[in-house]
Amino acid sequence: MIMEHAGNGRQKARPGRLDRGIVMRAALNLVDEHGLEALSMRRLGQVLKRDPMALYRHAAAGRKEVLAGIAELVLDELQPFADDTHWQTQLRRIAHELRRVCLLHPNVVPLLVTGPLSTPLGLRPAGTLKPLEQILGILIRAGFGPADALHVYRTFYGFLYGHILNELQEYVADPEENEALLRLGLYRLPLRDFPHLRRLAPELLDYDGSEELDQGISILLAGLGQQLSHR
């Protein structure tokens with residue numbers, strides 16, 4: 001922080017020098033706290049105590065570039081691990097690690113899911129392509145052909161994001177109230193019309209996101225293992 005002397009002899013604080021990392025981190029903090037809708041160059045300028053026009057030096061494309069930077073920051077939080085383990089173990093670890101990071105930044109999840117849909121692959125930031133490169137390498141080393149590895153990646157991440165979005169729907173500010181409402185709603189359903197939902201009430205009330213993800217990954221990996229063995 002740079003200090004300058006005020007006329008009355010007291011020192012007045014002046015914001016330090018900005019760089020791209022500071023801008024993107026401030027943007028991520030803003031989204032974490034207030035959601036994607038709250039992010040604008042003007043609001044970000046207020047957070048950083050700067051003229052919004054000064055931010056374009058670090059994000060020339062404005063809000064769109066800031067959103068891409070936020071996605072890179074979040075994906076960069078994924079913890080690396082040794083790549084000498086079995087390919088199925090690696091995919092399982094990736095799944096749980098992505099879930100961990102997404103639950104830390106739930107407001108960013110819609111950006112991670114829908115952002116690639118609006119940006120051609122060749123124009124996406126390099127940081128957002130690291131998961132694709134990582135999984136392609138894992139699968140090709142395991143014996144999948146390059147084209148098959150790409151199909152597996154799409155299926156794998158489609159399942160992961162679907163699970164994470166579903167788990168976030170389970171999350172509310174007051175979990176006890178959510179459970180009470182769910183219990184009441186389930187038992188109001190006519191047994192004749194909804195026998196399966198009524199029978200599954202205990203499982204629906206006892207939702208465990210990590211365990212649910214593991215069950216789904218096991219099903220997916222079993223199918224992929226069978227496909228690879230046929231090759």
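Read on for an overview of the structure. (Residues numbered from 1 in each chain as written. Predicted model: local features only at pLDDT ≥ 70, side-chain atom pairs only at ≥ 80, totals over all residues. Heavy atoms only, no water.)

### Some words on helix 7 (residues 126-142)
Applicable threshold: Secondary structure elements are taken from DSSP: a helix is a run of H or I of four residues or more, a strand is a run of E of two residues or more, and numbering for both begins at the N terminus. For a helix, the expected span equals 1.5 Å multiplied by the residue count minus one. Burial classes follow relative accessibility: with a 1.4 Å probe on protein chains only, a residue under 20% of its type's maximum area counts as buried, one over 50% as exposed, and anything between as partly exposed. Here, two residues are considered to be in contact whenever any of their heavy atoms come within 4.5 Å of each other.
With 17 residues, helix 7 should cover 24 Å at 1.5 Å per step; its first-to-last C-alpha distance of 24 Å lies within 8% of that length. Three or more residues of helix 7 are buried, namely Gly127, Thr128, Pro131, Leu132, Ile135, Leu136, Gly137, Ile138 and Leu139. Check the buried side of helix 7 and you find it contacts helix 4 (63-76), helix 5 (87-104) and helix 8 (146-170). Backbone geometry just downstream of helix 7 places Gly143 in the positive-phi region, at approximately 120°.

### Considerations on the pattern of salt bridges
Counted only if it meets this: Salt bridge, as used here, is a side-chain nitrogen of Lys or Arg placed within 4 Å of a carboxyl oxygen of Asp or Glu.
For the structure shown, the criterion picks out five salt bridges. The salt bridge involving Arg20 is made with Glu65; its shortest N-O contact spans 2.9 Å. One end of the pair, Arg20, is in helix 1 (residues 20-34); the other, Glu65, is in helix 4, and 45 residues separate them in sequence. A residue is classified by how much of its surface remains accessible, and Glu65, at 23% relative accessible area, is partly exposed.

### Some words on the packing of aromatic side chains
Remark: the centre distance and the inter-plane angle together describe each pair of aromatic rings, the angle taken between the planes. This is how the line gets drawn: Classification of ring pairs rests on two measures: the distance between centres of Phe, Tyr or Trp rings, Trp counted by its six-membered ring, which must be within 6.5 Å, and the angle between planes, read as stacked under 30 degrees, edge-to-face over 60 and tilted in between.
By the definition in use, this model includes four aromatic pairs. With a centroid separation of 5.4 Å and 80° between ring planes, the pair formed by Trp87 and Phe144 is classed as edge-to-face. Highlighted residues: Trp87 in helix 5 and Phe144 in the loop between helix 7 and helix 8, separated in sequence by 57 residues. For Trp87, a relative accessible area of 9% corresponds to the buried category. Judged by centre distance (5.7 Å) and plane angle (75°), the rings of Phe156 and Tyr157 are edge-to-face. In terms of burial, Phe156 and Tyr157 fall into one category: buried. By the ring-pair criterion, three or more aromatic residues cluster together here, those being Tyr153, Phe156, Tyr157 and Tyr161.

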